[in-house]
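Each chain is listed here by its residues.
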Amino acid sequence: MTNLKPFINARLVERTPFSNERERFRFEPERPVNFKPGQYATLAVLSGDAVIQRAYSIVSSPHEPTLEFFIELVEHGELTPHIWELKVGDSLLMRERIVGAFTLAPAPVLARRLLIATGTGIAPYVSMVRARADAIRNGADDGCEYFILHGGSRAQDLGSYREELMELCAGGWLQYVATVSRPWENPGWSGEVGRVEDVLRKHADTRGYDAAHAIAYLCGHPQMVESGKALLARAGFPKAQLKEEKYFTLPAAEATA
Ligand SMILES: Cc1cc2nc3c(=O)[nH]c(=O)nc-3n(C[C@H](O)[C@H](O)[C@H](O)COP(=O)(O)OP(=O)(O)OC[C@H]3O[C@@H](n4cnc5c(N)ncnc54)[C@H](O)[C@@H]3O)c2cc1C
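Predicted model only: the values in this text are computed from it and were never measured.

Visitor: Mind showing me how you'd approach the site of the ligand here?
Guide: Residues in contact with the ligand amount to 22 residues; listed here are only the nearest, Arg54, Ala55, Gly77, Leu79 and Thr80. Mapped by element, the contributors of at least two residues to the shell around the ligand are strand E4 (50-57) and strand E5 (67-72). Of the residues contributing to the shell around the ligand, the split by class is 12 nonpolar, 6 polar and 4 charged. Per-domain counts for the shell around the ligand show at least three residues from each of domain 1 (7-95) and domain 2 (112-256).

Visitor: Can you help me understand helix H5 (residues 222-234) in this one?
Guide: At 3.6 residues per turn, the α-helix brings residues three or four places apart onto the same side. Compared with the 18 Å implied by 1.5 Å per residue over 13 residues, the 18 Å span of H5 between its first and last C-alpha is a close match. Residues Met224, Val225, Gly228 and Leu232 constitute the buried set of H5. With its buried residues spanning 95 degrees around the axis, H5 presents them on a single face. Facing away from the buried side of H5 by over 90 degrees, the exposed positions are Ala230 and Arg234. Of the surrounding elements, those touching the buried residues of H5 are strand E7 (112-118), helix H4 (196-206), strand E11 (214-220) and strand E12 (242-246). Among the residues trailing H5, Gly236 stands out with phi positive, at a value near 100 degrees.

Rules and cut-offs
- Residues numbered from 1 in each chain as written.
- Predicted model: local features only at pLDDT ≥ 70, side-chain atom pairs only at ≥ 80, totals over all residues.
- Near = placed C-beta within 6 Å.
- Helix = DSSP H or I, 4+ residues; strand = E, 2+ residues; numbered from the N terminus.
- Nonpolar A, V, L, I, M, F, W, Y, C, P; charged D, E, K, R; others polar.
- Domains from an automatic or database assignment.
- Expected span 1.5 Å × (residues − 1).
- Buried ≥ 20, exposed ≤ 12 C-beta atoms within 10 Å, placed from the backbone.
- Arc of directions from axis to C-beta.
- Contact = placed C-beta atoms within 7 Å.

Following this line, the structure appears as structure tokens:
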């Protein structure tokens, strides 16, 4: 018998497509859940007797009334095709306990946070900076500075988060750079070009997000996380200043390619 005790229902209240494979989903959980920015929820569906469950970083910050996710459809994946079938008003299962250690180190250990993402890996950082903006509105400023580097193949892989984060830069405590690796598929693109790993050192170094001042966070594609970590380690970042969240494991053949 499948144990559904750890799960509650989460009702889909809004979905916004950015492309055929990337969407923003907002869910209303049956009961409010507690979490810290950077943590993830486990979304699930029942398939016969089995529960298919996967981790999704929460995009929204704890002060928001709904739980937001930025999800990529994985063709032939076990769970995401089910999520794509949901209509507003439908529900899926969600573990009531929100978990994860990819959270911000308490301020002011190091006052600069270097946040590096590919695609949907931007999710935890949006939660972090929305929470920060809310804290500032409420008169609580911890004095930390943030630099987000966000990469995708094309502009639509970045969702609407690029615009949102660019607007937040007006506050002076956040810098944001988006980079696309296939600019020829985005004729109007005027931003940075290349993979995250190709432009990371250039942007981090010129902004003073170095080993003496920053903690680095890497999130999303496993290959970016590995090569980003190696780059930063060579630049003097000790292990304790490198935090990572890999979204999936590459099949062995691709990992060695
Ligand atoms: C802590 C954590 C947080 C996560 N947060 C998010 C999030 O915010 N948004 C999000 O979209 N995903 C996120 N993921 C990934 C998510 O948990 C699933 O792995 C993903 O949605 C695929 O699920 P699936 O069942 O459809 O595919 P699966 O059946 O699990 O995978 C099928 C195959 O596709 C590969 N694969 C899985 N994901 C991808 C991908 N994105 N690109 C290319 N190949 C892939 C797998 O290696 C596997 O070989 C997160 C993962 C972790 C561990």
